[in-house]
Amino acid sequence: DAGVTQSPTHLIKTRGQQVTLRCSPKSGHDTVSWYQQALGQGPQFIFQYYEEEERQRGNFPDRFSGHQFPNYSSELNVNALLLGDSALYLCASSLEAGREAFFGQGTRLTVV
Amino acid sequence: QQQVKQSPQSLIVQKGGISIINCAYENTAFDYFPWYQQFPGKGPALLIAIRPDVSEKKEGRFTISFNKSAKQFSLHIMDSQPGDSATYFCAARGGGSNYKLTFGKGTLLTVNP
């Protein structure tokens, strides 16, 4: 049973560029959440997708957007990258009615 | 605004000892309190979790103690092993239609052999 998988593992982008990160949830899970983890900090909630809709959003600017596909996989898009966007981006999947959230290994984004 | 405060920031324990990490919260709407373990370069792994109507939960060497009136909860790692060396995060789920997890800042645990 595959867990949560994210791609790519590492990414280097230039300021002002756009990036797309991808996530496949754990088998049987229908809800995907995205978190940003800065170095030495706990993960910060970006948003959650359920039934292909953004159900809840954290305190992140509109440059951060997402999508959920019918197979429950998800994308995180970040436009107009800033140096401060450099972080580990984590995807977590869960059941809509459940509380347990399982994280992927993350995508390490470096903005130069 | 940090809603979950975690301490200590770092902890050094000898092999076989007990590791204790504490968290405090203010939002009484939180309805689920998980602990995650994270190794360098990896995503957080769910370790153990508790609901606020339970005062203690044990799974193997890991125990959560929960004090609802004090709005505090803690992770105890018994018989700590060098392989337990990692960063530990407490978290709290918003409750109701608030699905987000709010994390503490983490505790770097080092278990010396």
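Residues numbered from 1 in each chain as written. Chains lettered and ligands numbered in written order. Predicted model: local features only at pLDDT ≥ 70, side-chain atom pairs only at ≥ 80, totals over all residues. Heavy atoms only, no water.

With that settled, the discussion passes to the overall build of chain B. Looking only at helices and strands, chain B features 0 helices and 11 strands. Beginning at the N terminus, the succession of helices and strands in chain B can be written as β-β-β-β-β-β-β-β-β-β-β. Expected size for 113 residues packed as a compact globule is a radius of gyration near 13 Å; at 14 Å, chain B falls within 12% of this value. If you line up chain B on its principal axes, its C-alpha atoms span 45 × 30 × 20 Å. Summed over all atoms, the accessible surface of chain B reaches about 5,400 Å², with 49% contributed by carbon and sulfur. The distance from the centre of the 12 positive side-chain charges to the centre of the 7 negative ones in chain B is 5 Å. (Helix = DSSP H or I, 4+ residues; strand = E, 2+ residues; numbered from the N terminus. Rg over C-alpha atoms; globule rule 2.2 N^0.38 Å. Areas by Shrake-Rupley, 256 points an atom, 1.4 Å probe, with all protein chains shown as cover. Lys, Arg positive; Asp, Glu negative; His and termini not counted. Charge placed at Lys NZ, Arg CZ, Asp CG, Glu CD.)

Right, let's talk about the interface of chain A and chain B for a bit. Between chain A and chain B, the contact holds 20 residues from the first and 20 residues from the second. Overall, the association of chain A and chain B removes approximately 1,600 Å² of surface from exposure, summing both partners, and the carbon and sulfur fraction of that is 54%. Of all residues in chain A, Q56, R99 and F103 of chain A give up the largest surface area on contact with chain B, accounting jointly for 35% of the area buried on that side. Where chain A touches chain B, the interface holds 1 salt bridge. As a salt-bridge pair, R99 of chain A and D31 of chain B come within 3.1 Å of each other at their nearest N and O atoms. Of the residues contributing to the side of chain A that touches chain B, the split by class is 8 nonpolar, 8 polar and 4 charged. (Contact = heavy atoms within 4.5 Å. Buried area = accessible area lost by both parts, 1.4 Å probe. Salt bridge = Lys/Arg side-chain N within 4 Å of Asp/Glu carboxyl O. Nonpolar A, V, L, I, M, F, W, Y, C, P; charged D, E, K, R; others polar.)

Turning next to the sheet that holds strand β7 (residues 62–67) of chain B. Strands in a sheet are paired, the pairing made by backbone hydrogen bonds, and the direction either parallel or antiparallel. Residue and element names in this part refer to chain B. Ordered in space as β1-β3-β8-β7-β6, the 5 strands form an open sheet in which the pairing is antiparallel. The sheet is open, and its two borders are formed by β1 (4–7) and β6 (56–59), each paired with just one other strand. With strand direction ignored, the average angle separating the axes of adjacent strands in the sheet is 15 degrees. (Pairing = 2+ DSSP bridges. Axes fitted to C-alpha atoms, helices over the stretch in contact; angles between N-to-C directions.)

Another aspect to go through is the state of the cysteines. Two cysteines whose sulfur atoms are joined by a covalent bond form what is called a disulfide. This model, assessed by the stated rule, comprises 2 disulfides over all chains. In this model C23 of chain A forms its disulfide with C91 of chain A; the gap between the sulfur atoms is 1.8 Å. Measuring handedness by torsion sign, the sulfur bridge of C23 of chain A and C91 of chain A sits at about -60 degrees and is left-handed. Within this pair, whereas C23 of chain A is found in strand β3 (residues 19–24), its partner C91 of chain A is found in strand β9 (residues 87–94), the two being separated by 68 residues in sequence. Paired by a disulfide, C23 of chain B and C90 of chain B hold their sulfur atoms 1.9 Å apart. Torsion about the S-S bond of the C23 of chain B and C90 of chain B cystine: about -95 degrees, corresponding to left-handed handedness. (Disulfide = S-S within 2.5 Å.)

Core analysis: the largest hydrophobic core is formed by 24 residues, its most contacted members being F33, W35, I48, F73, L75, Y88 and L109 of chain B. Of all the elements in the fold, those that place two or more residues in this core are β2 (10–14), β3 (19–25), β4 (33–38), β5 (45–50), β7, β8 (72–77), β9 (86–95) and β11 (107–112) of chain B. Ranked by the residues each element gives to this core, the list is headed by β9 of chain B, at 4 residues. Discounting residues that sit within four places of it in the chain, L109 of chain B has contacts with L11, V13, S19, I77, D84, S85, A86 and Y88 of chain B. Counting residues in each nonpolar core, the second largest holds 20 residues, with L21, F47, F64 and L109 of chain A among its members. (Core = buried A, V, L, I, M, F, W, Y, C linked by side-chain atoms within 4.5 Å. Buried < 20%, exposed > 50% of the residue type's maximum accessible area, 1.4 Å probe, protein only.)

A few words on unusual backbone geometry. Residues apart from glycine generally show negative phi values, whereas peptide bonds are mostly found in trans. Here the amide bond leading from S7 of chain A into P8 of chain A is cis, since omega sits at -5 degrees, within 30 degrees of zero. Residue position: P8 of chain A is located in the loop between β1 (5–7) and β2 (10–13). Positioned with a positive phi, A80 of chain A is a non-glycine residue whose angle comes to about 45 degrees. Its place among the elements puts A80 of chain A in the loop between β8 (74–78) and β9. Judged by relative accessible area, which is 39%, A80 of chain A ranks as partly exposed. Located in the positive-phi region is K71 of chain B, a residue other than glycine, with phi close to 55 degrees. With respect to the secondary-structure elements, K71 of chain B resides in the loop between β7 and β8.

Residue and element names in this part refer to chain A. Tracing the chain through its elements places S33 in strand β4 (residues 31–37). Residues S33 and C23, 10 residues apart in the sequence, show an inter-C-alpha distance of 9.7 Å. Within the structure, S33 has its side chain in polar contact with the side chain of Q48 (distance 3.0 Å). (Polar contact = N/O pair within 3.5 Å; in protein donor to acceptor, adjacent residues only side chain to side chain.)

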